[in-house]
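Each chain is listed here by its residues.
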Amino acid sequence: MRIIAIIERILKELFRDKRTLALMFIAPILVMLLMSVIFNTNSVTNVTVGTVGVSSKVTNEIKKIKHVHLKTYQTQEKAKHALTKQKIDAVIKQNGHNYHIMYANTDATKTAKVKLAFQNALTISNVKALKQALSKSTQANTQLKAQILALEQKVTQQKVKKQKAAQSPQSQKAAKISNTYVYGDHNTGYYDKILPILMGFFVFFFVFLISGMALLKERTSGTLNRLLATPVKRSVIIFGYMLSYGILAVIQTILIVLIVVWLLDIEVVGSMIAVVIMNLLLALVALAFGILLSTFANSEFQMMQFIPLVIVPQIFFSGLVPLDTMPTWIKALSYLIPLKYSGEAINGIILHGTSIFDLGFEITMLLLFLVILTSLNIWGLRRYRKV
C-alpha cells in the first residue's frame, strides 16, 4: 500500500506540472518531425563544376549527369576566382589529352561526386570515340578490298600491311588526370568539414548547460532571492553573473578551440585568432541563453528538459546538414539559430581563409542575439524580485 501511495503522489505531481508533461510528450514528437523533414528533403547533393578548354564531347556528357551543373570559363584565373568565392565546387582544365582537376574539397561528398561524374563522362566519351574510329576502320577496309578486286593487281604482303596501317585509325592516348585540392588533400573526409561546426556546438552546449545550472542553483538555494532583496539593480545583477560565468566560458572556449585545432590536427587556412573570437562570441550568446532559460525552470530536471528544444535545433541548422535543398520555411527557421551564423563564420575562416573583417553580418547577428537575450534576462528577474 505504501508503494501505491508513493506512486499516486508522484503521478499527481507530474500531471499537475504541465511544463514537464509538454517537454516529455510533445517535444520528442516535434524533434522527430523536424528530423524527418530535414533528412527526407536533403537526400540529393548538387555540385557545380567549372571547365576551362574541355572538349565539347566531355562537357556534353557531364551535362547529362543529374545534379551536376556546368559553368564554362575562358581562363584558368577566372575559374580559380570562382572556386575561391565558393561559386563552384571544382575546376576541370584540359590540356591536350591530359586533365587537371582542382577541388574546393570543403565537402568530401561533393568532391567524391565530382570525381565520379568526371570519370563517367570521360569513359562514355572515350567509348563513343572508339566506336566512331572502329566504324571508320571498317569502312576503310571495305573500300580497300573493293579497290584490290577492281585493279586485279598483285601487291606484295609488305605493301598491303603498310597500306592497311596507313588507313587504320591511330590508337588513342590514355588521358592523364591530375588532382589538386584547395583545402586538405585526398584523405580529407566529411569529418574534417563538420569538425569546425562541432567545435562551436560543444562550446555552445557546455556554456549553456553550466550557466543555466549554476544560476538555477543560486535561485533554488535562496542566494539570488537575498540578492534581489537589496537595492541592487537587476541589470547590475545580470551583468555580474554574466561576467563571472563569462570568465569561465572564455577559459573553456579557448581550451576547446586549442585542443580541437592542435590535438586533432585541423588545417586552419585563416587566422586562429579569428576562430577564437567567433567562438567567444558564441559562448557569450550561450551564456545569456542559459541564464534566460534557467529563470523558467523550477528544478535541474526541468532545465535538462529544455535541451531537446534548444540544443537539437542548433545541431540541425548549424551547417552539419546542408540547407541548400531544404524547404523555404526550414531555411527561414535557421535564421533564428545563433549557431548557424557562428558555424558559417568558423567554416569560412578554417576552410576558406575568410578574414574576420569580411564577417560583419555574422558578427552583427551574434551581437544582436547577445543584446536581446541580456535584455530578456534583466526583464525576467522581475518575477523574482520581492521589493
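In what follows, the structure referred to is the one given above.
Residues numbered from 1 in each chain as written. Predicted model: local features only at pLDDT ≥ 70, side-chain atom pairs only at ≥ 80, totals over all residues. Heavy atoms only, no water.

Trainee: Residue-level account of the packing of aromatic side chains, with values.
Mentor: Using the criterion set out here, one finds 10 aromatic pairs in the structure. Taking 6.2 Å as the distance between ring centres and 25° as the angle between the ring planes, the aromatic pair formed by Phe202 and Phe206 counts as stacked. Of the two residues, Phe202 and Phe206 both sit in helix α7 (residues 190-220), 4 residues apart, roughly one turn of that helix. On the basis of relative accessible area, Phe206 is assigned to the partly exposed category, the value being 34%. Put simply, the rings of Phe201, Phe202, Phe205 and Phe206 touch in pairs and so form one group of aromatic residues. The ring of Tyr103 has Lys115 sitting right over it, with the charged end atom 5.5 Å from the ring centre. (Phe/Tyr/Trp six-rings, centres within 6.5 Å; stacked < 30°, edge-to-face > 60°. Helix = DSSP H or I, 4+ residues; strand = E, 2+ residues; numbered from the N terminus. Buried < 20%, exposed > 50% of the residue type's maximum accessible area, 1.4 Å probe, protein only. Lys NZ or Arg CZ within 6 Å of the ring centre and 35° of its normal.)

Trainee: Can you lay out the sheet that holds strand β2 (residues 68-72) for me, pointing to particular residues and giving the numbers?
Mentor: Read across the open sheet, the 5 strands follow the order β2-β1-β3-β4-β5; overall the sheet is mixed. Looking at strand neighbours, the two that pair on one side only are β2 and β5 (176-181), the edges of this open sheet. Adjacent strand axes in the sheet meet at a mean angle of 20°, parallel and antiparallel pairs treated alike. Examined bridge by bridge, strand β1 (residues 47-52) and strand β3 (residues 90-95) share 4 bridges and lie parallel to one another. For Val52, the partnering residue across the bridge sits in β3 and is Lys93. Here helix α3 (residues 56-63) sits on the sheet and contacts β1, β2, β3 and β4 (98-103); the angle it forms with β2, its principal contact strand, is near 145°. Sitting on the sheet, helix α4 (residues 76-84) touches β1, β3 and β4, and the angle it makes with β3 is about 165°. (Pairing = 2+ DSSP bridges. Axes fitted to C-alpha atoms, helices over the stretch in contact; angles between N-to-C directions. Contact = heavy atoms within 4.5 Å.)

Trainee: Hey, could you go over the environment of Arg234 for me, with residue numbers and the actual values?
Mentor: Here Arg234 is to be found in helix α9 (residues 234-263). Using a relative accessible area of 25% as the deciding quantity, one classes Arg234 as partly exposed. Between the alpha carbons of Arg234 and Asn377 there is a distance of 8.8 Å; along the sequence they are 143 residues apart.

Trainee: For the nonpolar core, give the residues involved together with the corresponding values.
Mentor: Within soluble globular proteins, side chains that are nonpolar generally end up buried alongside one another. Counting residues in hydrophobic clusters, the biggest one holds 67 residues, and the most contacted among them are Met199, Phe204, Phe208, Met303, Ile311 and Ile350. At the level of secondary structure, the elements contributing two or more residues to this core comprise α7, α8 (223-228), α9, α10 (272-294), α12 (307-320), α14 (338-352) and α15 (360-380). Here this core takes 15 residues from α10, the largest share from any one element. Every residue in contact with Ile350, bar those within four places of it in the chain, is listed here: Tyr183, Pro196, Met199, Ile266, Glu267, Val268, Val269, Gly270 and Val275. Core analysis: the second largest hydrophobic core is formed by 17 residues, Val54, Ile101, Ala121 and Tyr181 among them. (Core = buried A, V, L, I, M, F, W, Y, C linked by side-chain atoms within 4.5 Å.)

Trainee: Please give an account of the pairing of β2 that cites residues and values.
Mentor: Bridge analysis of β1 against β2 gives 5 bridges, and the strand direction is parallel. Across the sheet, Thr51 pairs through a bridge with Thr72, a residue of β2. Regarding the hand of the β-α-β motif, the stretch spanning β1, α3 and β2 is right-handed. (Right-handed = clockwise from strand over helix to strand, strands pointing away.)

Trainee: Describe in detail the pattern of salt bridges, supporting the description with residues and values.
Mentor: Using the criterion set out here, one finds 3 salt bridges in the structure. Note that Lys110 is salt-bridged to Asp89, the shortest N-O span being 3.9 Å. Of the two residues, Lys110 is situated in helix α5 (residues 108-151) and Asp89 in the loop between α4 and β3; the sequence distance between them amounts to 21 residues. The burial state of Lys110 is the same as that of Asp89; both residues are buried. Taking the shortest distance from any N to any O, the salt bridge between Lys340 and Glu344 comes out at 2.9 Å. Residue Lys340 and its partner Glu344 are located together in helix α14, separated by 4 residues, close to a single helical turn. On the basis of relative accessibility, which here comes to 7%, the residue Lys340 falls in the buried class. (Salt bridge = Lys/Arg side-chain N within 4 Å of Asp/Glu carboxyl O.)

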